[in-house]
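# Close look at the chain arrangement
Given next are the chains, with one letter for each unit.
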Amino acid sequence: MYRVLLSATLFWMSVAGTTWAQADPVTTARRASQMLDKAAVTLVEAKKSSDRVAALTSAVRAYEEGLSALREGLRRATIRERAISLTFESKRDRLSRLLGVLQTMGNSPAPLLLLHPSGALGTARSGMILSNVAPALQAEASALRDQLEEMALLRALQQSAEQSVTDALLEAQEARSALSRAIADRTDLPLGFSNDPQKMQALVDSSATLSDFAGGLAALEPEATSNPADFETAKGNLDLPASGSLLHGFEKQDSSGNNQPGIVIATESLTLVTSPWPATLRYKGPLLDYGNVVILEPGRGYLLILAGLDQSFGEFGEIVEQGAPIGLMGGISQNTDAFLISAAEGSGASRQESLYIELRHNGTPIDPGEWFAALKE
């Protein structure tokens, strides 16, 4: 209901301001409203789907994309509103004088406006001046009116988005919870090999670093792995495992002063993490101080390491499809006020979770950024 209200408000805003040059915040917010409506439909349909995991994964992704678009629309609306306010502030004195003159002229008797103290010649000259000034005054007044209308529309957008945000945040959390339950309820998983729990635990106990663990895992070659998709053909075309932005590049110094052989992606709280390529799940679970770690084998000789998750999904040896859910980032779901504040600030403060990505080929770390389309230079 409330997203319908938001859509109606956005429609009214678009038709009311046909000459509004700065329609970008409205366009972005309208697109976000449509995306959230579609996400709500996807969530309802997922509950009846035969493949609930895939359907719920799509629903979670749809909510993430819709909320991200809405956040961007509100951010742009705030920036535009501030720009108009600064324009008003810089022109305040001149606009005050203009309005004062117009008010004085409007209060003066009409016959007096036609007279000039110096006589007929002065009256004629003042008339000529006014005839030149009037169009400029009209243009100034028209521009002022348009900006005032634009500011009112921007504020209407921000106010109408509040309930839509509340509904979407609740529905997104419902979709995440349903996805976790659906994954836990799966049976007859496709397995590429059987895991030896004792060997795996011994490797976890003996590893002092993530590199030690990855190297030891590569040495624990399973009896048979198969992946018909050629991973090397995917270089430069992969989607990121989670929506976010690059925080640290390959072998760049992190906040601890260490050069990590991987990259770090800043994400929103509770962002869904998916497999960027068909792969065999070689490890999942807590490891050292990296939080939950998922290690995938997308191709012979390759290991893709994802660290910093709060939850991890799947079973050892499971063959996961491209886009399959493998975990969730940590953090807590934002409430409506926090969402709106972070959107208005536009500071990226909402992206407080970090996903570490490392890619190894035959035991040697290589730059993961070269494999993901969003990070190609």
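In what follows, the accompanying structure is described. (Residues numbered from 1 in each chain as written. Predicted model: local features only at pLDDT ≥ 70, side-chain atom pairs only at ≥ 80, totals over all residues. Heavy atoms only, no water.)

What follows concerns the overall build of the protein chain. Scanning the protein chain from N- to C-terminus turns up nine helices and 11 strands. Per-residue burial over the protein chain gives 41% buried out of 377 residues. Considering only contacts within the protein chain whose residues lie at least 6 apart along the sequence, 73% involve residues at least 24 apart. Counting only carbon and sulfur atoms, one obtains 54% of the accessible surface of the protein chain, whose full area is about 19,900 Å². (Helix = DSSP H or I, 4+ residues; strand = E, 2+ residues; numbered from the N terminus. Buried < 20%, exposed > 50% of the residue type's maximum accessible area, 1.4 Å probe, protein only. Contact = heavy atoms within 4.5 Å. Areas by Shrake-Rupley, 256 points an atom, 1.4 Å probe, with all protein chains shown as cover.)

Glancing now at the nonpolar core. Core analysis: the biggest nonpolar cluster contains 40 residues, and Leu56, Tyr63, Leu67, Leu70, Leu74 and Leu179 have the highest contact counts within it. In this structure leucine 70 touches Ala29, Ala32, Leu36 and Val165, once residues within four positions along its chain are discounted. Ala279, Val294, Ala324 and Ile326 belong to the second-largest nonpolar core, a separate cluster that totals 27 residues. (Core = buried A, V, L, I, M, F, W, Y, C linked by side-chain atoms within 4.5 Å.)

Contact pair helix α3 (residues 52-90) / helix α9 (residues 336-345): the axes reach a minimum separation of 7 Å and the direction vectors enclose 55°. In this view, α3 runs oblique relative to α9, as classed from their interaxial angle. As α3 packs across α9, the resulting crossing turns out to be right-handed. Of the residues in α9, those in contact with Leu67, Arg71, Leu74, Arg75, Thr78 and Arg82 of α3 are Phe339, Leu340, Ser342, Ala343 and Ala344. Residue composition of the contact of α3 with α9, grouped by class: six nonpolar, two polar and three charged. (Axes fitted to C-alpha atoms, helices over the stretch in contact; angles between N-to-C directions. Parallel < 35°, antiparallel > 145°, perpendicular 65-115°, else oblique. Left-handed = near helix turned anticlockwise from the far one by under 90°. Nonpolar A, V, L, I, M, F, W, Y, C, P; charged D, E, K, R; others polar.)

Moving on: the sheet that holds strand β3 (residues 272-274). Strand order in the open sheet formed by three strands is β3-β9-β7, and the pairing between neighbours is antiparallel. Each having just a single partner strand, β3 and β7 (311-312) make up the two edges of the open sheet. Sheet strands touched by α3: β3 and β9 (325-328). Its angle to β3, the strand with the most contacts, is close to 125°. (Pairing = 2+ DSSP bridges.)

For the coordinates displayed, the defined rule picks out seven aromatic pairs. Here tyrosine 302 and tryptophan 371 contribute two aromatic rings whose centre-to-centre distance is 5.7 Å and whose plane-to-plane angle is 65°, an arrangement assigned as edge-to-face. Remark: tryptophan 371 occurs in the segment after β11 (364-366) and tyrosine 302 occurs in strand β6 (residues 302-309); sequence separation between them is 69 residues. Comparing tyrosine 302 with tryptophan 371, the two get one shared label, buried. By way of ring pairs, the aromatic residues Phe231, Trp277, Tyr302 and Trp371 are connected into one cluster. (Phe/Tyr/Trp six-rings, centres within 6.5 Å; stacked < 30°, edge-to-face > 60°.)

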